[in-house]
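A closer look at the structure
Each chain is listed here by its residues.
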Amino acid sequence: DYIKNLNIDIAFVVGWQRLIPVEILNSMSIGSFGMHGSSMDLPLGRGRSPMNWSIIEGRKYFHTNLFKYDDGVDSGDILDSFKFDITNRDTSETMHFKNTLAMKYLIEKNLDKLLSNEFKLKKQRDIKPTYYPKRTPDDSLIDWGLDVYELERFIRAVTKPFNGAFTYLKNKVII
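First, a word on scope: everything that follows refers to the structure included in this document. (Residues numbered from 1 in each chain as written. Predicted model: local features only at pLDDT ≥ 70, side-chain atom pairs only at ≥ 80, totals over all residues. Heavy atoms only, no water.)

Regarding the sheet that holds strand β4 (residues 61-68)
With respect to topology, four strands assemble into an open sheet ordered β1-β2-β4-β5, the strand pairing being mixed. At either margin of the open sheet sits one strand with a lone partner, and together these are β1 (10-13) and β5 (78-85). The average undirected angle you get between the axes of adjacent strands in this sheet is 20 degrees. Where strand β2 (residues 31-38) lies against β4, six bridges are found, and the strand directions are antiparallel. Considered in β4, the bridge of S38 is made with H63. Packed on one face of the sheet, helix α3 (residues 92-115) meets β1, β2, β4 and β5 and runs near 150 degrees to β5. (Pairing = 2+ DSSP bridges. Helix = DSSP H or I, 4+ residues; strand = E, 2+ residues; numbered from the N terminus. Axes fitted to C-alpha atoms, helices over the stretch in contact; angles between N-to-C directions. Contact = heavy atoms within 4.5 Å.)

This is the structure in structure tokens:
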């Protein structure tokens, strides 16, 4: 009720990992817009930790999407996208830097159109969506059965700002 009574025209929701109630979304005259990235582009790669998964899976590109929120999980119509390379030296930290710059660019590029309510949205591709699961610190346990290339990508994917890859040596945690 508090948010609905603020009479908000437009909102940007970035980094929020919860669904926004539809009554709040409907209370905004222009809408609530968010960002979601995916290495395969939406609707593939919805859900949690897409940058980490992109490195782990050895993907080469990442699409940052500015979309209008609806009541689904990363399912809203897209206003604009920005694609950038994932290099073999990127880590979760460098991916966050790149994605932050992409998000800033998308908002700056589209802000005037949004504020004047003169923008066009496009539907996400009409294919079955895929979803990445949430990652937790326990998911950073090293699987020594992976080949060296998979291990290296895994370690880059869970480093700063996350907890880092870890293993056990004589019952002691080694990060």
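Some words on the nonpolar core
Among the nonpolar cores identified, the biggest contains 16 residues, and F62, M95 and F154 are the most heavily contacted of them. Looking at this core, the elements with two or more residues in it are α2 (50-56), α3 and α4 (148-157). No other element matches α2, which puts four residues into this core. (Core = buried A, V, L, I, M, F, W, Y, C linked by side-chain atoms within 4.5 Å. Buried < 20%, exposed > 50% of the residue type's maximum accessible area, 1.4 Å probe, protein only.)

Looking at the pattern of salt bridges
Overall, the coordinates contain seven salt bridges when judged by the stated rule. The residue D90 makes a salt bridge to K98 at a minimum N-O spacing of 2.6 Å. We note a salt bridge from E152 to R156, for which the minimum N-O separation is 2.7 Å. Highlighted residues: E152 and R156, both in helix α4, separated by four residues, approximately one helical turn. For E152, a relative accessible area of 35% gives the class partly exposed. (Salt bridge = Lys/Arg side-chain N within 4 Å of Asp/Glu carboxyl O.)

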